[in-house]
Amino acid sequence: MEKENVSARSGRRIYKAIRLVSLRNLFLPVISVVIAIGIYYFLPFRDVFSPTKVKSSTEAIMLYNQGHRYANINIDKLYYTGFNIMAEGEVTASYYYEISDNRCVFYILSGDIVKNTPNELEKVNVIVRLNEPDGLLENMITAFAVTIGWTPEGVSAAAGAVVMDQTAYHLERYVISFILLVAFVIYSMTLVTINIIYIIAPAIHLSLLKYYATKPFGIKRALRELEQDFENRQQISVGNMYITRRYFYNLGKKEVHIVPIENIIMCYDHGRLISIFGIHIKMTHTLYFVGKHGEKIVSSEKKATDVLAVTDYLKEAYPDIIWGHTKENKAEAKARIREYKESEQHDRRHRHWDKLKGHGNNQKENRKNIVKKHSKKTQKKNSKKASQKNIE
């Protein structure tokens, strides 16, 4: 009973670390989802993807006053102002206008829609962004007023505060932005879901799933063995890092790892000085382990004394581990990883061959047994025929 209580306490300690890490990992994706929703409502995706259809410039101006920024307009007739927007010596857009309800409404149409800039356009359907006049339009209005014998102030007053800019409608940009935003939300929600699952069921945390994969028996027995190892076989315990005879446990603030010590090939630590406005706040250390399959395990934000205690113990107890992040050590670690993978493949091939060989032997024995059965049947038939002949 006492052993069960001890293992339960150790299991709760591992589960508590997993829940705390998962709870901390929830903060950033939740904030990200909130920001993404804010961006969705801030950017006019609805107006861009489904602009309101109107039959005149007057209705478009009413939409602008209601807060809309895009409109799908059907215009009976537009007139060419005689002025264009140039870029590198080429016409990229042209200014047209419509007289509607005693208003002179200006349109900026791209060269893809307006070819050869005809003086009049009839039955035009365009999607435009409803903009305020800018300096370029004001310069055009000044020049246009001279051509029609008006004053710039008079034309500006008749034009009002809205210009219909077809060149500012960039559907493809909003499509890309929307796809990226949706992907970002899906990714963030996936992280939220995973961390919530870890909080509810820490027994299926990734670190524990990797541990289960190394055991030939069931999860309950594996957990019981892990709990007993954690509680009864600790050799060192510092800064949420625990070492037993078989495993290295990192129950840190940012990550939880359970690493078989026999799988560690290389180890090194990296220090980072945290400063604010040039003032040194503290020094943190991160311990890195490289496993037999090339995986990297991180134990971050540790004190220098805790890291030193762990590394001193491992150096003394496991002298085969490579220490230090140098070119020579990295090359040696890669060589060991390569050798380990080759030996695994070799063992896998041998096991596969042994199975095939055993299967082949079984097939031979089965064929022999079948032949024996057939031979016995034929012998019986022959003996019966011979006895019948003797009787005759």
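### Digging into the overall build of the protein chain
Step number 1: Scanning the protein chain for helices and strands turns up 10 helices and 14 strands.
Step number 2: The buried share of the protein chain, taken over its 392 residues, is 35%.
Step number 3: Taking the intrachain contacts of the protein chain between residues at least 6 apart in sequence as the baseline, contacts between residues at least 24 apart amount to 57%.
Step number 4: Looking at the protein chain as shown, the accessible area adds up to about 25300 Å², and 56% of this sits on carbon and sulfur atoms.

### Considerations on the packing of aromatic side chains
Step number 1: Following the criterion strictly, the structure yields 21 aromatic pairs and no others.
Step number 2: Ring centres of tyrosine 40 and phenylalanine 178 lie 6.3 Å apart, and the angle between their planes is 50 degrees; on these two criteria the pair is classed as tilted. You can see tyrosine 40 sitting in helix H1 (residues 2-42) and its partner phenylalanine 178 sitting in helix H6 (residues 171-200), a full 138 residues away along the chain.
Step number 3: Judged by relative accessible area, tyrosine 40 falls into the partly exposed class, the value being 26%.
Step number 4: Ring centres 5.6 Å apart and planes at 70 degrees place the aromatic pair tyrosine 211 and tyrosine 247 in the edge-to-face group. Of the two residues, tyrosine 211 is situated in helix H7 (residues 206-213) and tyrosine 247 in strand S9 (residues 247-251); the sequence distance between them amounts to 36 residues.

### What to know about a nonpolar patch on the surface
Step number 1: Taken together, the side chains of Phe27, Leu28, Ile31, Ile35 and Ile39 present a nonpolar region at the surface, about 490 Å² in accessible area.
Step number 2: Here phenylalanine 27 shows up in helix H1.
Step number 3: Of the residues examined, phenylalanine 27 reaches a relative accessible area of 59% and is grouped as exposed.

### A few points about helix H4 (residues 135-148)
Step number 1: In this model H4 runs 20 Å from its N-terminal to its C-terminal C-alpha over 14 residues, within 8% of the 20 Å that 1.5 Å per residue would give.
Step number 2: The set of residues buried in H4 consists of Leu137, Met140, Ile141, Phe144 and Ala145. Summarising the axial view, the buried residues of H4 lie within an arc of 140 degrees, below the 170-degree limit, and thus occupy one face. Within H4, the exposed residues directed more than 90 degrees away from the buried face are Asn139 and Val146.
Step number 3: Looking at the buried side of H4, the elements it contacts are strand S2 (70-87), strand S3 (90-100), strand S4 (103-110), helix H5 (152-159) and strand S6 (163-165).
Step number 4: Two residues or fewer past H4, glycine 149 is found with a positive phi of approximately 75 degrees.

### Quick look at H7
Step number 1: Here H7 has its buried residues at Ser207, Leu208, Tyr211 and Tyr212. With its buried residues spanning 140 degrees around the axis, H7 presents them on a single face. With respect to the buried face of H7, the exposed residues turned more than 90 degrees away are Lys210 and Ala213.

### Observations regarding the pairing of strand S8 (residues 241-244)
Step number 1: With burial as the criterion, each face of S8 is covered, one bearing Met241 and Ile243 and the other bearing Tyr242 and Thr244.
Step number 2: Two strands pair when backbone bridges link them, and S8 and S9 are joined in this way by three bridges, in the antiparallel orientation. Each bridged residue has a counterpart across the sheet, and for isoleucine 243 the counterpart in S9 is phenylalanine 248.
Step number 3: Where S8 folds back onto S9 in an antiparallel hairpin, the turn is made up of two residues.

### Considering the pattern of salt bridges
Step number 1: With the rule as written, the count across this model stands at six salt bridges.
Step number 2: Between glutamate 332 and arginine 336 there is a salt bridge, and its shortest N-O distance comes to 3.1 Å. A residue pair is termed a helical-turn pair when its members lie 3 or 4 positions apart in one helix, as glutamate 332 and arginine 336 do in helix H10 (residues 327-391) at four residues.
Step number 3: Within the structure, one salt-bridge network assembled from shared partners comprises Lys77, Glu120 and Glu122.

### Some points on the side chain of aspartate 229
Step number 1: Mapped onto the secondary structure, aspartate 229 falls in helix H8 (residues 219-232).
Step number 2: Setting aside residues up to four positions removed in sequence, aspartate 229 forms contacts with Gln234, Thr244, Arg246, Tyr247 and Tyr249.

### What to know about the sheet that holds S8
Step number 1: As summarised here, the arrangement of the four strands in space is S7-S8-S9-S10, forming an open sheet in which the pairing is antiparallel. Each end of this open sheet is capped by a strand with a single partner; those strands are strand S7 (234-238) and strand S10 (256-260). Averaged over all pairs of adjacent strands, the angle between their axes in this sheet comes to 10 degrees, without regard to strand direction.
Step number 2: With five bridges joining them, S9 and S10 adopt antiparallel strand pairing. From the neighbouring strand, asparagine 250 faces S10, where its bridge partner is histidine 257.
Step number 3: Contacting S7, S8 and S9, helix H9 (residues 304-317) runs over the sheet at an angle of about 160 degrees to S7.

### Some thoughts on the packing of H7 against H8
Think of two packed helices as two axes; the pair is described by the angle between the axes and how far apart they sit.
Step number 1: Where H7 contacts H8, the two axes come as close as 10 Å, and the packing angle between them is 105 degrees. Taken as axis vectors, H7 and H8 run roughly perpendicular relative to one another. Residues Leu208, Tyr211 and Tyr212 of H7 pack against Ile219, Ala222, Leu223, Glu225 and Leu226 of H8.
Step number 2: Residues that form the contact of H7 with H8 fall into these classes: seven nonpolar, no polar and one charged.

Scoring rules and cut-offs
- Residues numbered from 1 in each chain as written.
- Predicted model: local features only at pLDDT ≥ 70, side-chain atom pairs only at ≥ 80, totals over all residues.
- Heavy atoms only, no water.
- Helix = DSSP H or I, 4+ residues; strand = E, 2+ residues; numbered from the N terminus.
- Buried < 20%, exposed > 50% of the residue type's maximum accessible area, 1.4 Å probe, protein only.
- Contact = heavy atoms within 4.5 Å.
- Areas by Shrake-Rupley, 256 points an atom, 1.4 Å probe, with all protein chains shown as cover.
- Phe/Tyr/Trp six-rings, centres within 6.5 Å; stacked < 30°, edge-to-face > 60°.
- Patch = residues over 30% accessible without salt bridge, like charges linked within 9 Å, V, L, I, M, F, W, Y side chains within 5 Å.
- Salt bridge = Lys/Arg side-chain N within 4 Å of Asp/Glu carboxyl O.
- Expected span 1.5 Å × (residues − 1).
- Arc of directions from axis to C-beta.
- Pairing = 2+ DSSP bridges.
- Axes fitted to C-alpha atoms, helices over the stretch in contact; angles between N-to-C directions.
- Parallel < 35°, antiparallel > 145°, perpendicular 65-115°, else oblique.
- Nonpolar A, V, L, I, M, F, W, Y, C, P; charged D, E, K, R; others polar.

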